[in-house]
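Coordinates in review
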Amino acid sequence: MSTKDAIINKLREAFLPESLDVADESHLHEGHAGHRPGGETHFRVYIVSPAFEGKSRIERHRMVNATLAAELKGSVHALAIKAQAPGETAGR
């Protein structure tokens, strides 16, 4: 299973998102810290879930980071997160 697939599966299981997009942006970081041949080092996550209702941006990021702790300790060098509750999706 690819790292991207593992991220998608864990986020779906943890947050039951209404919307989820995980993009591997490793190709944008060639020559930078943490980049490895083959990619799967830099990801961007857009997620909309009721689990984020009433939570601050920092709390939401901590929730996602905790869910992906194994990946962040392993092959993932960078993770950009946009986590929203339903109804907050304007301006994505």
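A short tour of the structure in this document, coming up. Please read all numbers here as calculations on a predicted model, not as lab measurements.

**Quick notes on the packing of aromatic side chains**
- For the structure on display, the rule yields one aromatic pair.
- An angle of 35° between the planes, with centres 5.1 Å apart, marks the rings of Phe 15 and Phe 52 as tilted. Linking Phe 15 in helix α1 (residues 3–15) with Phe 52 in the loop between β2 (42–48) and α2 (57–67), this pair joins segments that are 37 residues apart in sequence.

**Structural notes on the nonpolar core**
- With 16 residues, the main nonpolar core has Ile 7, Leu 11 and Val 64 as its most contacted residues.
- Counting only elements with at least two residues in this core, the list comes to α1, β2 and β3 (78–84).
- Excluding its chain neighbours within four sequence positions, the residues that come into contact with Ile 7 are Val 22, Phe 43, Val 45, Leu 68, Glu 71 and Val 76.

**Remarks on unusual backbone geometry**
- At Leu 16, a position not held by glycine, the phi torsion is positive, near 45°.
- Position of Leu 16 relative to the elements: it lies in the loop between α1 and β1 (19–24).

**Topic: the sheet that holds β3**
- Taking strand neighbours across the sheet as the criterion, the three strands line up as β1-β2-β3 in an open arrangement whose pairing is mixed. Across the chains shown, the open sheet's two edge strands, defined by having one partner strand only, are β1 and β3. Taking the axes of each pair of neighbouring strands and ignoring which way they run, one obtains an average angle of 10° across the sheet.
- By the bridge criterion, six bridges tie β1 to β2 in an arrangement that is antiparallel. What sits directly across from Val 22, in β2, is Val 45.

**A word on the side chain of Thr 41**
- Relative to the assigned elements, Thr 41 resides in the loop between β1 and β2.
- For Thr 41, a relative accessible area of 0% puts it in the buried group.
- In this structure the side chain of Thr 41 is engaged in a polar contact, spanning 2.7 Å, whose partner is the side chain of His 42.

**Things to note about the side chain of Ser 26**
- Tracing the sequence through the fold places Ser 26 in the loop between β1 and β2.
- Owing to a relative accessible area of 2%, Ser 26 belongs among the buried residues under this scheme.
- A polar atom in the side chain of Ser 26 sits 2.5 Å from the side chain of Asp 24.
- There is a polar contact of 3.1 Å between the side chain of Ser 26 and the backbone nitrogen of His 42.

**Quick notes on the pattern of salt bridges**
- By the definition in use, this model includes three salt bridges.
- Between Glu 25 and Arg 44 there is a salt bridge, and its shortest N-O distance comes to 2.9 Å. Of this pair, Glu 25 sits in the loop between β1 and β2 while Arg 44 sits in strand β2; the two residues are 19 residues apart in sequence, bridging distant segments of the chain.
- Arg 44 sits in the partly exposed class, given a relative accessible area of 31%.

Conventions used here
- Residues numbered from 1 in each chain as written.
- Predicted model: local features only at pLDDT ≥ 70, side-chain atom pairs only at ≥ 80, totals over all residues.
- Heavy atoms only, no water.
- Phe/Tyr/Trp six-rings, centres within 6.5 Å; stacked < 30°, edge-to-face > 60°.
- Helix = DSSP H or I, 4+ residues; strand = E, 2+ residues; numbered from the N terminus.
- Core = buried A, V, L, I, M, F, W, Y, C linked by side-chain atoms within 4.5 Å.
- Buried < 20%, exposed > 50% of the residue type's maximum accessible area, 1.4 Å probe, protein only.
- Contact = heavy atoms within 4.5 Å.
- Pairing = 2+ DSSP bridges.
- Axes fitted to C-alpha atoms, helices over the stretch in contact; angles between N-to-C directions.
- Polar contact = N/O pair within 3.5 Å; in protein donor to acceptor, adjacent residues only side chain to side chain.
- Salt bridge = Lys/Arg side-chain N within 4 Å of Asp/Glu carboxyl O.

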